[in-house]
Amino acid sequence: TTPQINAYADLIESSKTQVPYDYYSMGYCKPGASFLKQRKSSNLGSKLQGGGSSLLHYTFEAKHIEACQKLCLKTLSKDDVNKFRDAIAKEYRVHWQLDSLPLIMRSKELDYVVRGFPLGFVAPPSLTGEQGDEYYLYNHLRLTVRYHEDPARFEGLRIVGFEVAPFSINHQYQGSASNLDELHLDTCSSLQPAINDPSNFMKLSKGGGVEVLYTYDIDWKADDTLWSNRWDVYLRGNPDDEVHVFAIVNSLMIILFLSGIVAMILLRTLHKEISEYNELSTLEEAQEESGWKLVHADVFRPPRTFPIALSVLVGTGSQIGIAVALMLLLACMGFLNATDKGNTLTMIILLYVFSGSVAGYWSARLYKLFGGKDWKTNTLATATFFPSCIVGLFVCLNIGLATKGAATAVSFTTILAVFLLWIGVSTPLMFVGSYFGFRKETISVPLKTNQIARIIPSQGVYTSPVFSIAVGGILPFGSVCIELFFIMSSLWLSQIYYVFGFLFVVVCILVITCAEMSIVMTYFQLTNEDYQWWWRSFLGCASSGCYLFLYSVWYFMTKLDLEGFLSSLVYFTYNVIISMAFGLFTGAVGFFSSLVFVRKIYGALKVD
């Protein structure tokens, strides 16, 4: 028997709205309930993005050509027609897959490839002669399956392409509509292929009662494309490696600039000042010194405002950093498929959950350094802060999506699965990490702190907290802004991001930039005799998250054409979450860099 290959329908999506729909929620041929239950197995990430793929009842038998096959005859209700008209106006596209290959439309003349096919098209009055726009439905599909055979290397065939050409045909037929097998079509046959005839398009008239006959062709064509190269066609139009190299060069220039400043501070200024200070013979001479050396008795004074909050934020940022690093390593090693966004999201969630001990450990160690005693409150705050922010935003968004009937509205069981991961895995791991963090000795500091705090001199505009925090995030954000454009296009314009090697290098550059920027800003702050550097070292680099959100606003206004309040809500909700995670990660890098820097320079001072 000839093997049959299953095809699956993904979500119906549009670049003009972030509210996708399930394939069978539209007025297409709907099989029985038992057939609808046959979905492609999906992971947690896929369910969060709209559930698994639905099985199609199109027959794909290897090398078996079908011509003008009748799928079903359906009378569209008023609601069906309105759904189709609205989806066509908003440029929704139907997405299928066969052997995990997305369906594409190909233009040989323009050498252009686009995934999915539109539900129909709109004809303006200038073409139809009518008073308003007319809507037409694509109800006939010419499907082409490209395959590769090489008997010397493997048995059977390998699918290397899946293409479609949609047609709009108001089918004329003879026979009884109750029995499709007895219908004889006048508009197409095995000897008379379907054509797009402007005088016979399938019109979607208002009011319902529109009878639509869905038909299809299946053609199998031999192709020389190797199975390992079958994804190349989907990457056409994506930026080539030269653009990513330019992004890395741009980031390296920022690093070289900052490295020069740090080298000057460490090798010249600091080395000279420490040597001179250590050579002072009397207390009177030491008191004549000014700058960062004068605050040596206050520089390790714990933060006066919300020390527990700072330890929670830094611990959460370290957890995000570990999860991102592991994900990029797995991607570079080939364990992640760039085209399977559901699997990627699942991996991110699992890595974040299993990195909970990192957050608990560092949050506990910092809280202990700040003199905190209430370790239970600190651990609970670390376990609940960031997840509760995400859950709160996600639940509010999910209510809106469910009200609209969007396919991305998450079911109760999926929410329960995420909740169990949080309560059953992440939180216990945080308590384990916190236990070991509090058991460890307090992070040593080289100098003692005076009982009476030193008065901080009045600061100018350029050394004020607001200015230094705002400046601190510019260069870290600038080091990733070019690569960020491609990531945003992948998230919101359905492009494929696959250059994880470049992304790994960019993230490494981001870490170095944050570290150097934090050191420079902390040095300038201490030079002005302001020893309250704890919060500012975190917030300086964390402000890059604010710049990321502002960038998303610019991208929304210039690159996207979203329609409706809910679509904008989806876009900004996810960008708020991404910006928060980015800010926590960069802030943690800045904090740890400044902590190491301050311990090193004050450890070199000889103070009685």
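**A few points about the overall build of the chain**
Part 1: A count of helical and extended segments in the chain gives 18 helices and 20 strands.
Part 2: Buried residues in the chain amount to 48% of all 608 residues.
Part 3: In the chain, the share of contacts with a sequence separation of at least 24, taken over all contacts with a separation of at least 6, comes to 79%.
Part 4: For the chain, the accessible area works out to roughly 29,700 Å², and carbon and sulfur atoms hold 60% of it.
Part 5: Within the chain, one finds 46 positive and 50 negative side-chain charges whose respective centroids are separated by 7 Å.

**A word on the sheet that holds strand β10 (residues 101–102)**
Part 1: In spatial order, the strands read β5-β2-β9-β10; together these four strands make up an open sheet with antiparallel pairing. Edge strands, defined here as strands with exactly one partner in the open sheet, are β5 (54–55) and β10.
Part 2: Of the pairings in the sheet, the one linking strand β2 (residues 7–9) to β5 comprises two bridges and is antiparallel in character. Counted as the bridge partner of A9 is S54 from β5.

**What about the environment of T558?**
Part 1: Inspection of the secondary structure puts T558 in helix α17 (residues 544–558).
Part 2: Residue T558 is classed as partly exposed on the basis of its relative accessible area, which comes to 44%.
Part 3: Polar side-chain contacts of T558 include one of 2.8 Å to the backbone oxygen of W554.

**So, the pattern of salt bridges**
Part 1: Going through the model one piece at a time under the given rule, you end up with 14 salt bridges.
Part 2: The partner of D217 in a salt bridge is R142, and the shortest N-O contact between them spans 3.3 Å. Of this pair, D217 sits in strand β20 (residues 210–222) while R142 sits in strand β16 (residues 140–148); the two residues are 75 residues apart in sequence, bridging distant segments of the chain.
Part 3: For D217, a relative accessible area of 9% translates into the label buried.
Part 4: Close ionic contact of E529 with R454 constitutes a salt bridge, the shortest N to O distance being 3.8 Å. Placement of E529 in the loop between α15 (500–527) and α16 (534–542) and of R454 in the loop between α11 (412–439) and α12 (465–472) is noted, with a sequence separation of 75 residues between them.
Part 5: When salt bridges with common partners are traced through the structure, they connect K16, E91, D561 and E563 into a single cluster.

**Quick notes on the packing of α15 against helix α18 (residues 565–603)**
Part 1: Look at α15 against α18: their axes get within 8 Å of each other, and the N-to-C directions meet at 50°. Taken together, the axes of α15 and α18 are oblique relative to one another. Where α15 crosses over α18, the handedness of that crossing is right-handed. Where α15 abuts α18, its residues L510, V511, C514, A515, S518, I519, T522, Y523 and L526 lie against F582, F585, T586, V589, G590, F591, S593, S594, F597, V598 and Y602.

**Focus on the packing of aromatic side chains**
Part 1: What the rule picks out here adds up to 41 aromatic pairs.
Part 2: Taken together, a centroid distance of 6.2 Å and an interplanar angle of 75° make the contact between F300 and Y602 edge-to-face. Residue F300 is located in the loop between α6 (283–287) and α7 (307–332), and its partner Y602 is located in helix α18; the two are separated by 302 residues in the primary sequence.
Part 3: By relative accessible area, Y602 is classed as buried at 0%.
Part 4: Between W492 and Y574, the ring centres sit 6.5 Å apart and the planes meet at 55°, which makes this aromatic pair tilted. Taken together, the residues W492 in helix α14 (residues 481–492) and Y574 in helix α18 connect sequence positions 82 residues apart.

**Regarding the state of the cysteines**
Part 1: On inspection of all chains with the given rule, the structure shows two disulfides.
Part 2: One disulfide in the model links C29 with C72; its S-S distance is 1.8 Å. Across the S-S bond linking C29 and C72, the dihedral sits near -85°, which makes this disulfide left-handed. Here the residue C29 occupies a position in the loop between β4 (17–21) and α1 (33–36), and C72 occupies one in strand β7 (residues 66–76), the gap between them amounting to 43 residues.
Part 3: Exposure remark for C29: the relative accessible area of 4% places this residue in the buried category.
Part 4: A relative accessible area of 15% means that C72 is categorised as buried.
Part 5: Shown here is the disulfide that connects C68 with C188, its sulfur atoms set 1.7 Å apart. On the sign convention where negative is left-handed, the bridge of C68 and C188, at about 40° about the S-S bond, is right-handed. In this pair, C68 sits in strand β7 while C188 sits in the loop between β19 (184–185) and β20, placing the two residues 120 residues apart along the sequence.
Part 6: Its relative accessible area of 3% is what places C188 among the buried residues.
Part 7: Disulfide connectivity for the chain, with bonded cysteines indexed by sequence position, reads 1-3, 2-4.
Part 8: For C389, which is in no disulfide, the shortest distance to another cysteine sulfur is to C396 and amounts to 12 Å.

**Overview of the side chain of S479**
Part 1: Of note, S479 is situated in the loop between α13 (474–478) and α14.
Part 2: Within the structure, the side chain of S479 is placed 2.6 Å from the backbone oxygen of P476, a separation counted as a polar contact.
Part 3: If we ignore the near neighbours within four places in the chain, the residues touching S479 are S251, I254, V506, I509, L510 and T513.

**A short note on the nonpolar core**
Part 1: Ranked by internal contacts, the top residues of the largest apolar core, which has 129 residues, are F60, W96 and Y602.
Part 2: The dominant element in this core, judged by the number of residues it contributes, is α18, at 15 residues.

**Describing the environment of S100**
Part 1: The residue S100 is located in the loop between β9 (96–98) and β10 in this model.
Part 2: The exposure class of S100 is partly exposed, given its relative accessible area of 41%.
Part 3: When the C-alpha positions of S100 and R304 are compared, they lie 56 Å apart, and in sequence the two are 204 residues distant.

What counts, and where the lines are drawn
- Residues numbered from 1 in each chain as written.
- Predicted model: local features only at pLDDT ≥ 70, side-chain atom pairs only at ≥ 80, totals over all residues.
- Heavy atoms only, no water.
- Helix = DSSP H or I, 4+ residues; strand = E, 2+ residues; numbered from the N terminus.
- Buried < 20%, exposed > 50% of the residue type's maximum accessible area, 1.4 Å probe, protein only.
- Contact = heavy atoms within 4.5 Å.
- Areas by Shrake-Rupley, 256 points an atom, 1.4 Å probe, with all protein chains shown as cover.
- Lys, Arg positive; Asp, Glu negative; His and termini not counted.
- Charge placed at Lys NZ, Arg CZ, Asp CG, Glu CD.
- Pairing = 2+ DSSP bridges.
- Polar contact = N/O pair within 3.5 Å; in protein donor to acceptor, adjacent residues only side chain to side chain.
- Salt bridge = Lys/Arg side-chain N within 4 Å of Asp/Glu carboxyl O.
- Axes fitted to C-alpha atoms, helices over the stretch in contact; angles between N-to-C directions.
- Parallel < 35°, antiparallel > 145°, perpendicular 65-115°, else oblique.
- Left-handed = near helix turned anticlockwise from the far one by under 90°.
- Phe/Tyr/Trp six-rings, centres within 6.5 Å; stacked < 30°, edge-to-face > 60°.
- Disulfide = S-S within 2.5 Å.
- Core = buried A, V, L, I, M, F, W, Y, C linked by side-chain atoms within 4.5 Å.

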